[in-house]
Amino acid sequence: MALTIGQIAAASYVAVLNEARKPENQWAENAALREFERQGFIKRRSFGETLQKTLDYRRNPNAGFLATSLQTTSLTATEVITAASYDIAELSIPVTWPKKWEAQNPSENQKIPLVKSLLTNGFDSHDDLIEEAFFASTATNGFQSFRTLIPDAGQGTVGGIDASTETWWRNPNDTYLADGSDMVSAMTEVWNSAGKGSGSRMIPTLVVADDTTQALFESTQQPQQRYVDTEELKVGFKILAFKTARFIYSQYAGTRVHMMNPRSLQLDVSKEYFRDKGETQELDDAQGFGFKIYSALQLTTCNKSRLAVLTQV
């Protein structure tokens, strides 16, 4: 059924004033993207044709203890450096409106400034699309997701490297029961595997799933629930922790539990073109105006073996 009140009537009808002169958002809540900003997962840099991550992927294969003082050592060229390569994805948000809307929405007749509200919606739409794409089952027109970078079985070809043959590129993975009875032990196992040793700087700092899965984890923590950030606790927000990582939920996530660290996984965005608003231009073939919001970006990993996932069974 169509909405009763159209957009221009909602923006311009004079009998009602909105608090703060802005429409109340009904849909956007970007928990993962916000946490990415907070923890430094978002890397702003100038792009080239592709995005490459240089990898030191193995110990020197010719290194070893000497059996005798004058033992012959290898003269084979040392091969320990490679790279993961990613294509650049693009995101576009077109915003268009007819001149008639401007005639119907002069400043003295506004509930809300219409064009400003369209711009705000455009940026919210931009971020919401990224949040949704994080949790997609496949790449979204080339934009990678957690599931494509951190496959359930730990293998997959990521960054051009096939983890089925390059075992060092596999990510830790496990399952947990739907009743949560083994959830903490399974999370601990993949956490340890991702860290590869106590005190690692690469240990996961972020755990993310949906609200139901986070609630299931919280239920396993009774009566000694664990929270992080005392300031947030003081003002009434509870940020769950698993070990030293923040455990958040997103409206677009599912029952998979993903673990990550900004040293291992990045949202690479163009320094020049991220949330870039183009010029407002008059339409060539119609009486109206428009602009576009544009981003060049990609979700990448430089250390797939330090990321982890659990699936529910």
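All of these numbers come straight from a predicted model, not from anything done at the bench.

1. Focus on the overall build of the chain
Okay, step 1: Helix and strand content of the chain: eight helices and 17 strands.
Okay, step 2: The proportion of buried residues among the 313 residues of the chain is 40%.
Okay, step 3: Contacts in the chain between residues at least 24 apart in sequence constitute 77% of all its contacts with a sequence separation of at least 6.
Okay, step 4: On the chain, roughly 17600 Å² of surface is accessible, and the fraction owed to carbon and sulfur atoms is 50%.

2. Quick word on the nonpolar core
Okay, step 1: Grouped together as the largest cluster of nonpolar side chains are 45 residues, with contacts concentrated most on Phe36, Phe134, Leu265 and Leu267.
Okay, step 2: With sequence-adjacent residues up to four places away left out, Leu265 is seen in contact with Phe36, Phe41, Phe146, Leu149, Ile150, Met260, Leu299, Thr300, Thr301 and Leu307.

3. Things to note about the packing of aromatic side chains
Okay, step 1: Tallied over the full model, the rule gives 14 aromatic pairs.
Okay, step 2: Geometrically, the ring pair formed by Phe36 and Phe146 is tilted, given 6.2 Å between the ring centres and 50 degrees between the ring planes. Separated by 110 residues along the polypeptide, Phe36 in helix α2 (residues 31-39) and Phe146 in helix α5 (residues 146-149) bring together distant segments of the chain. Like Phe36, the residue Phe146 is buried in the burial classification.
Okay, step 3: Aromatic pair Phe135 and Phe146: ring centres 5.2 Å apart, planes at 85 degrees, arrangement edge-to-face. With Phe135 in the loop between α4 (114-134) and α5 and Phe146 in helix α5, this residue pair connects regions lying eleven residues apart in the sequence.
Okay, step 4: Relative accessible area serves as the criterion here: at 12%, Phe135 is assigned to the buried category.
Okay, step 5: Joined through ring pairs, the aromatic side chains of Phe36, Phe41, Phe134, Phe135, Phe143 and Phe146 make up one cluster.

4. Description of the confidence of the model for the chain
The predicted coordinates of low-pLDDT regions are not to be read in fine detail.
Okay, step 1: A residue-level look at the chain finds 86% of positions with pLDDT of 70 or above and a mean pLDDT of 88.
Okay, step 2: In the predicted structure, residues 13-21 sits below a pLDDT of 50 and forms eleven contacts with residues beyond four places in sequence or in another chain.
Okay, step 3: Of the regions scoring below 50 in pLDDT, residues 233-237 engages in two contacts with residues more than four places distant in sequence or in other chains.

5. Remarks on α2
Okay, step 1: Taken as a whole, α2 has its buried residues at Ala31, Ala32, Leu33, Glu35, Phe36 and Gln39.
Okay, step 2: At the C-terminal side of α2, Gly40 shows a positive phi close to 90 degrees.

6. A word on the side chain of Glu35
Okay, step 1: Secondary-structure assignment places Glu35 in helix α2.
Okay, step 2: Of the polar contacts made by the side chain of Glu35, one reaches the side chain of Arg246; its length is 2.7 Å.
Okay, step 3: Apart from residues lying up to four places away in sequence, Glu35 is in contact with Phe41, Leu206, Arg246 and Ile248.

7. Side note on the packing of α2 against α4
Okay, step 1: Running from N to C, α2 and α4 point in directions that differ by 95 degrees, and their axes come no closer than 8 Å. The pairing of α2 with α4 is recorded here as roughly perpendicular in orientation. Counted together, Ala31, Ala32, Leu33 and Phe36 of α2 and Asp127, Ile130, Glu131 and Phe134 of α4 form the full contact between these two elements.
Okay, step 2: Class assignment of the residues belonging to the contact of α2 with α4 gives a composition of six nonpolar, no polar and two charged.

8. A look at the pattern of salt bridges
Close approach of charged atoms allows side chains of opposite charge to pair.
Okay, step 1: Evaluation of the coordinates by the stated rule reveals ten salt bridges.
Okay, step 2: Residue Glu35 pairs with Arg246 through a salt bridge whose shortest N-O separation is 2.7 Å. Taken together, the residues Glu35 in helix α2 and Arg246 in strand β11 (residues 245-249) connect sequence positions 211 residues apart. Per residue, the accessibility class of Glu35 equals that of Arg246, and both read buried.
Okay, step 3: A salt bridge links Glu282 to Lys99; the nearest nitrogen and oxygen atoms lie 2.8 Å apart. In this pair, Glu282 is assigned in strand β15 (residues 281-282) and Lys99 in helix α3 (residues 99-104), connecting sequence segments 183 residues apart.

9. Here we look at the packing of helix α6 (residues 183-195) against helix α7 (residues 211-220)
Okay, step 1: One can describe the packing of α6 onto α7 by two numbers: an axis separation of 10 Å at closest approach and a directional angle of 105 degrees. Comparing their axes, α7 and α6 come out roughly perpendicular. Counted together, Met183, Val184 and Met187 of α6 and Thr213, Leu216, Phe217 and Thr220 of α7 form the full contact between these two elements.
Okay, step 2: Residue composition of the contact of α6 with α7, by class: five nonpolar, two polar and no charged.

Cut-offs used in this document
Residues numbered from 1 in each chain as written. Predicted model: local features only at pLDDT ≥ 70, side-chain atom pairs only at ≥ 80, totals over all residues. Heavy atoms only, no water. Helix = DSSP H or I, 4+ residues; strand = E, 2+ residues; numbered from the N terminus. Buried < 20%, exposed > 50% of the residue type's maximum accessible area, 1.4 Å probe, protein only. Contact = heavy atoms within 4.5 Å. Areas by Shrake-Rupley, 256 points an atom, 1.4 Å probe, with all protein chains shown as cover. Core = buried A, V, L, I, M, F, W, Y, C linked by side-chain atoms within 4.5 Å. Phe/Tyr/Trp six-rings, centres within 6.5 Å; stacked < 30°, edge-to-face > 60°. pLDDT = per-residue confidence, 0-100. Polar contact = N/O pair within 3.5 Å; in protein donor to acceptor, adjacent residues only side chain to side chain. Axes fitted to C-alpha atoms, helices over the stretch in contact; angles between N-to-C directions. Parallel < 35°, antiparallel > 145°, perpendicular 65-115°, else oblique. Nonpolar A, V, L, I, M, F, W, Y, C, P; charged D, E, K, R; others polar. Salt bridge = Lys/Arg side-chain N within 4 Å of Asp/Glu carboxyl O.

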